[in-house]
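One-letter residues, chain by chain:
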Amino acid sequence: MAHHRTEKNEWADRHRQELTTRHSHEDVLTDREFELLLEACRDMPAPRGFEARFICLLGGRLGLRAGEIAHFDSSWLDWNRKLIRIPQHEPCDCGYCQRQARQEAAHNGQLTETNAVASRWHPKTVASARLVPFDLSLRIELCIERFVNRYEGFPRSRSTVNRRVQEAADQAALPGRIYPHCLRATAASYHAYKGVAPVPLQALMGWSDLATAQKYIRISGSATADALRRVHHR
Ligand SMILES: [Zn+2]
């Protein structure tokens, strides 16, 4: 029965791995925690509080990545259609872009560092270039209006995005680790709970595969509940 034991061990290993691997969807903030975080931004000194609020709303409700927020430019906004257009390319040679370019060139013999810098900034994947509607709520829309009244683009570095989120989390005294990527996971989870279907959720988040959207929707359970209620409550 040796192979039984092996199978059992493999299963146990996989199970253990699933239990110990941390996924950002586990660090999703509840609606209450997210409100507390926004409230805390108000108690931070200017202009850090406003910058933190902008990051929290764009990350935690619209699902923008930290790199996208750090490279946000007012030219990305389509005011008529109320859309943020995350471009394929935004010329940039900030410290973060230079570091990323050096890494890319080091891992790819075909790519010179000059070419790698020239292609910066670009979003994480091809699928990340996308349209994000910003009129999902009035507070997001107003925050973006206030932002462009003040700035042409995000005025700080990529690492500042992390620091602002950290400061807001400390100010809110929220337990656990809070970082930009868990804001993005919070946005995905929020829309999944609201009942957004896999394809639009994938498009909003800029995921390359549908499976990630399906995972968030499965975890939210709302699609299951809706389908069962439609059958039983008719
Ligand atoms: Zn840059």
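Before any of the text, the structure's been laid out above.
Model, not experiment: these values are computed from the prediction. (Residues numbered from 1 in each chain as written. Predicted model: local features only at pLDDT ≥ 70, side-chain atom pairs only at ≥ 80, totals over all residues. Heavy atoms only, no water.)

Student: Explain the sheet that holds strand E1 (residues 77-78) to me, using residue names and the numbers behind them.
Tutor: With antiparallel pairing, the three strands of this open sheet are ordered in space as E1-E2-E3. Every interior strand has two partners, whereas the edge strands, E1 and strand E3 (130-133), have only one. Where E1 lies against strand E2 (residues 83-86), two bridges are found, and the strand directions are antiparallel. Note that in E2 the partner of Leu77 across the bridge is Ile84. (Pairing = 2+ DSSP bridges. Helix = DSSP H or I, 4+ residues; strand = E, 2+ residues; numbered from the N terminus.)

Student: Quick rundown of the environment of Thr114? Include the residues and the values.
Tutor: Along the chain, Thr114 turns up in helix H6 (residues 113-118). For Thr114, a relative accessible area of 61% gives the class exposed. Distance from Thr114 to Gln98, taken between C-alpha atoms, is 9.6 Å for residues 16 residues apart in sequence. (Buried < 20%, exposed > 50% of the residue type's maximum accessible area, 1.4 Å probe, protein only.)

Student: I'd like to hear about the environment of Leu210, residue by residue, with values.
Tutor: The topology assignment puts Leu210 in helix H11 (residues 210-220). Residue class for Leu210 comes out partly exposed when judged on its relative accessible area of 30%. Each C-alpha atom of the pair Leu210 and Arg158 lies 28 Å from the other, and the pair is 52 residues apart in sequence. Leaving out residues up to four positions away in the same chain, Leu210 has contacts with Pro198, Val199 and Gln202. (Contact = heavy atoms within 4.5 Å.)

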